[in-house]
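One letter stands for each residue in the lines below.
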Amino acid sequence: MAGAGLGFSSSLSAQSRATAGIMVRIPVPLLKRRKLKFAGLNEVFRIRVAGCGVSSTRLYNCGSCAAEERVSVDMERYKEAFGRRMAVAGLKPHHSIAVGVSGGPDSMALCLLTAAWKTDGPYAASQSDGYVDGLLAIIVDHRLRAESKEEAHIVSRRVSKMGIRCEIAECNWSDGKPKQGHLQEAARDMRYQIFQKVCIQHQIDVLLIAHHADDQAELLILRLSRGSGVLGLAGMAFASQLFSTSTVLHNEGSNNKGLLLVRPLLHFSKEDMYKICQASNQDWVEDPTNRSPAYARNRIRMSLGNLSSYTFQSEIQELISSCRKTRAYVDHMSNELIDQAVNIMDQGYAVIDLMVLSPSKVPDMCLSKFIALVLQTSFTVAGCYLCPSPGSRGTKLLVCCSVNCHLPSTIEVNNSDFDREQKQYPSMLDEIIAEGKSYVDQFVPDVVDVKFLDMTCQSVLAEAKRIGIISESTHNNITLLERNETKYFKPENKVHLEQEIIENPSTSASESELLHPGKACYFMDRFMVTWNERPLSYCSSLVIDHRTAAEVRYMAESDWLYLAKLARCKNLHDLVPQITDADSEVEQIARKRKQSLEYMQLSAIKSLQSLKSIPVAARRSLPVLVNHEGILLTIPSIGFQCCPCLIVSCAFRPRLPLGGGHSSFL
């Protein structure tokens, strides 16, 4: 939408302003920024600036502003536009939804529109105890300012008056509060962790965030200054899935479908946020850190405020829109390639059919995104191993994790007791995403409409000027903003991995890295390993003590050699050390020993058959459990276990699904 950055208000008709208008007051910060102009109407509103009362807690009270300009706002048109965006996301009023709320004009406007959308129309959500059902506001107290707790409670009371239930969550900075240079990034990361946690607790699948068109413009300049390509210049997704990093959510039997993050205000402007709040007589909080020039976004925001002409604002939004078309096309093409050419195996490796890729005339940018999506599912570029798939004669490519890449193995243990019968709340996320995709598929651009394939950030600006998306003046202003911000950017120093390993040599697994009976762990961000505790009364194991823990590591060549020896050995007593029990009778010990050895051998024979179907390169990334003496206990991926009492399962459950989950750049 050209000119979307001017706000939805720019599309209001003169008739609607006259018949359904609400007179609102425009706050001083906005008046200082620019005059209001409506596209196509050549109607400029006169601005009268005076002082604005601000309370000691930095709360703007729309009823107390001394400076006011009476502007007609058609709230019904805002509501209609908001409803259309929610429909495009696949959302309906009966869906359970959370809203991230800071208390500023953006999130307060989002609350107002969401509450109205939930309660209006034939499919409106019901209300109980004065609150809208299926709607929760999440307020995060970052605890970075002395007055933050008071402000959080003030915001909670205001949102509650809208009929929205609220929950205040405090940040727990266990490692100390973030340093000034990384404060905003750390606060954002913590905020989204809390959002996910609260949504899971309340069985909510959808989170709304109040990012708007002005935020997109800021992000464009920021990413230009960091040398981002056209995919990054597309800005924030309209809808995208967030996947939890918690091991609890990856337990066997659970579905890590993630949380759908929706930004329904990306076609609204900052002006619209103020108008919506003031038309509803809604107060808001102003965070003083948003005015500090120490932060990149704040500097860019203030610089953009000085470039307030209608031409500049509309052209920068048109540039973003063109980048988003490119992003939508690339995403669509790369996901189609994944559907046609990639097969992810349960053992944690991928097979790519090169014959599908070879005849395709696919742009390099699409191929790069395709490879990135495959790798992020279960591997890292640094730890990736590529080779021809056995027996394919070079027509298929095997992609697996390389255990020789100097990357330390990682294990995250879930300290809570694992319950196989863990209840899973019914999720409507699949239905919502399917509905949203039906809209996305309708608007995927043709390649002829994609302007910036295979271009760097600088060539994007040059091409945009050449084809008339931006004027010479806008090009120069964007370039100036980019250069001004680039001087603040200092790339982080990268530590050589080899040096880090020398200084921090690997040791045996610590107690926190061991897997205990009845627990689950997440191994290398890919495998959920679960040890189901069983009664010990009939255990015949010779190599495991059910009261101790096991180390989880990669499979080594010595492991399958051990299985081979175990499978063909006639005197099994030579392979397994004898374990004695002073409280047991000799005959009982002998019987258990025989049963255990026979079971181990049979398990080894069956496991070797399964192992033959797995390429050698992929075998090395399979998780195995060993005891404190290094003796192999189980390889759950191929079914080997040293005794029937040792029930360990392994599920390939990458943090990100193949393709990275649903996203929309409409």
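All values derive from a computational prediction rather than experimental measurement.

(A) Summary view of the overall build of the protein. Within the protein, the secondary structure is distributed over 20 helices and 28 strands. Across the 666 residues that make up the protein, the buried fraction comes to 52%. The long-range share in the protein, meaning contacts at least 24 apart out of those at least 6 apart in sequence, stands at 77%. Counting every atom, the protein has about 31900 Å² of accessible surface; 50% of that belongs to carbon and sulfur.

(B) Here's a closer look at the packing of helix α4 (residues 105–119) against helix α9 (residues 270–279). Where α4 meets α9, the closest approach of the two axes is 8 Å, and the angle between their N-to-C directions is 60 degrees. Considering the angle they form, α4 stands oblique to α9. Judged by the twist between their axes, the crossing of α4 over α9 is left-handed. Of the residues in α9, those touching α4 at Pro105, Asp106, Met108, Ala109, Leu112 and Leu113 are Lys270, Met273, Tyr274, Ile276 and Cys277. The class makeup of the residues in the contact of α4 with α9 is 9 nonpolar, no polar and 2 charged.

(C) Local environment of the sheet that holds strand β18 (residues 384–388). Read from one edge to the other, the open sheet built from 4 strands follows the order β16-β17-β19-β18, with strand pairing classed as antiparallel. Whereas interior strands pair on both sides, the edge strands pair on one side only; in this sheet they are β16 (342–344) and β18. Across the sheet, the mean angle separating the axes of adjacent strands is 20 degrees when strand polarity is ignored. Most of the contacts of helix α11 (residues 310–341) go to β16, to which it runs at about 65 degrees, and overall it touches β16 and β17 (350–353).

(D) View of the packing of aromatic side chains. For the structure on display, the rule yields 5 aromatic pairs. Taking 5.6 Å as the distance between ring centres and 85 degrees as the angle between the ring planes, the aromatic pair formed by tyrosine 192 and phenylalanine 195 counts as edge-to-face. A residue pair is termed a helical-turn pair when its members lie 3 or 4 positions apart in one helix, as tyrosine 192 and phenylalanine 195 do in helix α6 (residues 183–201) at 3 residues. Exposure class is identical for tyrosine 192 and phenylalanine 195. Each is buried. One Lys or Arg, arginine 85, reaches over the ring of phenylalanine 238 and ends 4.4 Å from the middle of that ring. For arginine 619, the ring lying beneath its charged end belongs to tryptophan 560, and the centroid distance is 5.4 Å.

(E) Focus on the state of the cysteines. Inspection of every chain in the model, using the stated rule, returns 0 disulfides. Its sulfur unpaired, cysteine 400 is 5.8 Å from the next cysteine sulfur, which belongs to cysteine 387. Looking at cysteine 400, the relative accessible area reads 0%, which means it is buried.

(F) Quick peek at the side chain of serine 392. Its location among the elements puts serine 392 in the loop between β18 and β19 (396–401). Taking the relative accessible area as the measure of exposure, serine 392 reaches 11% and is therefore buried. Reaching out from serine 392, the side chain makes a polar contact with the backbone oxygen of serine 389 at a distance of 2.6 Å.

(G) Seen up close, helix α7 (residues 213–225). A rise of 1.5 Å per residue sets the reference length of α7, with its 13 residues, at 18 Å; its end C-alpha atoms lie 19 Å apart and thus fit the reference within 8%. Judged by how many residues are buried, α7 sits mostly within the fold: 12 of 13 residues are covered. Residues of α7 that are buried include every one of Ala213, Asp214, Asp215, Gln216, Ala217, Glu218, Leu219, Leu220, Ile221, Leu222, Leu224 and Ser225, and no others. Two residues or fewer after α7 comes glycine 227, characterised by a positive phi angle close to 75 degrees.

(H) Quick look at the pattern of salt bridges. One pass over the structure, following the stated rule, counts 15 salt bridges. Two residues, arginine 301 and glutamate 218, come together in a salt bridge whose shortest N-O distance is 2.9 Å. With arginine 301 in helix α10 (residues 296–305) and glutamate 218 in helix α7, this pair connects stretches of sequence that are 83 residues apart. Relative accessible area serves as the criterion here: at 3%, glutamate 218 is assigned to the buried category. A salt bridge links lysine 369 to aspartate 331; the shortest N-O distance between them is 2.5 Å. Taken as a pair, lysine 369 in helix α13 (residues 364–378) and aspartate 331 in helix α11 lie far apart in primary sequence, 38 residues in all. On the basis of relative accessible area, lysine 369 is assigned to the buried category, the value being 16%. Note on aspartate 331: relative accessible area 9%, which makes it buried. Look at the salt bridges and you will find they share partners, linking Arg145, Glu147 and Glu151 into a network.

The rules behind these values
- Here, residues in each chain are numbered from 1, in the same order as that chain's written sequence.
- With the structure being a predicted model, the display of local features is reserved for residues of pLDDT at least 70 and the display and counting of side-chain atom pairs for 80 or more, all residues being used for whole-chain, interface and lining totals.
- Side-chain measures were taken over the full set of non-hydrogen atoms in the model, leaving aside hydrogen atoms and water.
- By definition, any uninterrupted DSSP run of H or I lasting at least four residues is a helix, any uninterrupted run of E lasting at least two residues is a strand, and each is numbered from the N terminus.
- Note on classification: 1.4 Å probe, protein chains only; a residue is buried when its accessible area is under 20% of the maximum for its type, exposed when over 50%, partly exposed between these limits.
- What makes two residues a contact is simply this: any of their non-hydrogen atoms within 4.5 Å.
- Under the convention used here, a 1.4 Å probe and the Shrake-Rupley method define accessible areas, while residue burial counts only the protein chains that appear.
- Here an angle of 0 to 180 degrees is reported between the N-to-C directions of two axes, which are lines fitted to C-alpha atoms, with helices fitted over the stretch in contact.
- Reported orientations rely on four angle classes, namely roughly parallel under 35 degrees, roughly antiparallel over 145, roughly perpendicular from 65 to 115, and oblique for the rest.
- For a crossing to be left-handed, the near helix must be turned anticlockwise from the far one by less than a right angle; the clockwise case is right-handed.
- Basically, the charged four are Asp, Glu, Lys and Arg, the nonpolar ten are Ala, Val, Leu, Ile, Met, Phe, Trp, Tyr, Cys and Pro, and anything else, Gly included, counts as polar.
- The rule for pairing is simple: two strands pair if DSSP sees at least two bridges between them.
- In summary, the pairing rule links any two rings of Phe, Tyr or Trp, Trp by its six-membered ring, whose centres are within 6.5 Å, and it sorts them by plane angle into stacked for under 30 degrees, edge-to-face for over 60 and tilted for everything else.
- Here, over-ring charges are defined by two tests on the NZ atom of lysine or the CZ atom of arginine: distance to the ring centre within 6 Å, and angle to the ring normal within 35 degrees.
- Whenever a pair of cysteine sulfur atoms sits within 2.5 Å, that pair is classed as a disulfide.
- Each polar contact in these results corresponds to two N or O atoms within 3.5 Å; when the atoms are within protein, one needs to be able to donate a hydrogen and the other to accept it, and residues that are neighboring in sequence are counted only if both atoms are side-chain atoms.
- A helix is expected to span 1.5 Å for every residue after the first.
- By definition here, a salt bridge exists when the distance from a side-chain nitrogen of Lys or Arg to a carboxyl oxygen of Asp or Glu is within 4 Å.

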